[in-house]
Amino acid sequence: MARKKLETDLGPVFWGENARGLTQDEEALWHQPGADRNAIVRMRDERRANELKRREQEAWPASRAGQLLKQLGEAFAAYRECVTQDPLIAEKGLEFDELNQKIFNRMKTNMDRAH
């Protein structure tokens, strides 16, 4: 169940921002005569989006999904090598573990098409 957002929840923290959410450079632009404040806000939003993306990318390898995806790739490569060394393995896979062999076959076909 999703947690109800409280008014005190501030969301992501961006270091180096003032109360307006601007960096020193953005704030300096803000106070220039004739400044396009909408452009400055867009620039801030783009900087924040890039920072969030960078944080997500750094956190991915430690996440459960990231670890599972890595295991999937390693297991796929290992099984593909096994099947390459002994093509009868695929037949045994269909006989003894049809569902997973079909999943592997589908993945392999898609990988072959992509390359």
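The structure contained in this document is the topic of the report that follows.

Procedures and definitions
Residues numbered from 1 in each chain as written. Predicted model: local features only at pLDDT ≥ 70, side-chain atom pairs only at ≥ 80, totals over all residues. Heavy atoms only, no water. Helix = DSSP H or I, 4+ residues; strand = E, 2+ residues; numbered from the N terminus. Buried < 20%, exposed > 50% of the residue type's maximum accessible area, 1.4 Å probe, protein only. Patch = residues over 30% accessible without salt bridge, like charges linked within 9 Å, V, L, I, M, F, W, Y side chains within 5 Å. Areas by Shrake-Rupley, 256 points an atom, 1.4 Å probe, with all protein chains shown as cover. Salt bridge = Lys/Arg side-chain N within 4 Å of Asp/Glu carboxyl O. Axes fitted to C-alpha atoms, helices over the stretch in contact; angles between N-to-C directions. Parallel < 35°, antiparallel > 145°, perpendicular 65-115°, else oblique. Contact = heavy atoms within 4.5 Å. Nonpolar A, V, L, I, M, F, W, Y, C, P; charged D, E, K, R; others polar.

All right, on to the environment of Phe96 then. Following the sequence through the fold, Phe96 ends up in helix H4 (residues 88-96). The class for Phe96 is exposed, based on a relative accessible area of 62%. The spacing of Phe96 and Phe14 is 82 residues in sequence and 53 Å in space, taken between C-alpha atoms.

This next bit is on a nonpolar patch on the surface. A cluster of nonpolar side chains, namely Trp60, Leu69 and Leu72, defines an oily patch on the protein surface of about 310 Å² accessible area. Within the secondary structure layout, Leu72 lies in helix H3 (residues 64-85).

To continue, consider the packing of H4 against helix H5 (residues 98-114). The N-to-C vectors of H4 and H5 enclose an angle of 135°; their axes lie 6 Å apart at closest approach. By the criterion of interaxial angle, the relationship of H4 to H5 is oblique. Facing Ile89, Ala90, Gly93, Leu94 and Phe96 of H4, the residues of H5 in contact are Glu98, Gln101, Lys102 and Asn105. The residue inventory of the contact of H4 with H5, partitioned by class, reads 4 nonpolar, 3 polar and 2 charged.

At a closest axis distance of 11 Å, the pairing of H3 and H5 adopts a crossing angle of 95°. The pairing of H3 with H5 is recorded here as roughly perpendicular in orientation. In this structure, H3 contributes Leu72, Phe76, Tyr79, Arg80 and Val83 to the contact, and H5 contributes Gln101, Phe104, Met107, Lys108 and Met111. A class-by-class count of the residues in the contact of H3 with H5 yields 7 nonpolar, 1 polar and 2 charged.

It is worth spelling out the environment of Ala35 at this point. Following the sequence through the fold, Ala35 ends up in the loop between helix H1 (24-30) and helix H2 (37-59). Note on Ala35: relative accessible area 26%, which makes it partly exposed. Setting aside residues no more than four positions away along its own chain, Ala35 makes contact with Leu29, Trp30 and Ile40.

As a further point, take the pattern of salt bridges. Tallying each qualifying case throughout the model produces 10 salt bridges. Note that Glu27 is salt-bridged to Arg20, the shortest N-O span being 2.9 Å. As a salt-bridge pair, Arg55 and Glu51 come within 2.9 Å of each other at their nearest N and O atoms. Taken together, the residues span about one helical turn, with Arg55 and Glu51 both in helix H2 at a distance of 4 residues. Note on Glu51: relative accessible area 21%, which makes it partly exposed.

Remember, this is a structural readout, not a statement about activity or role.
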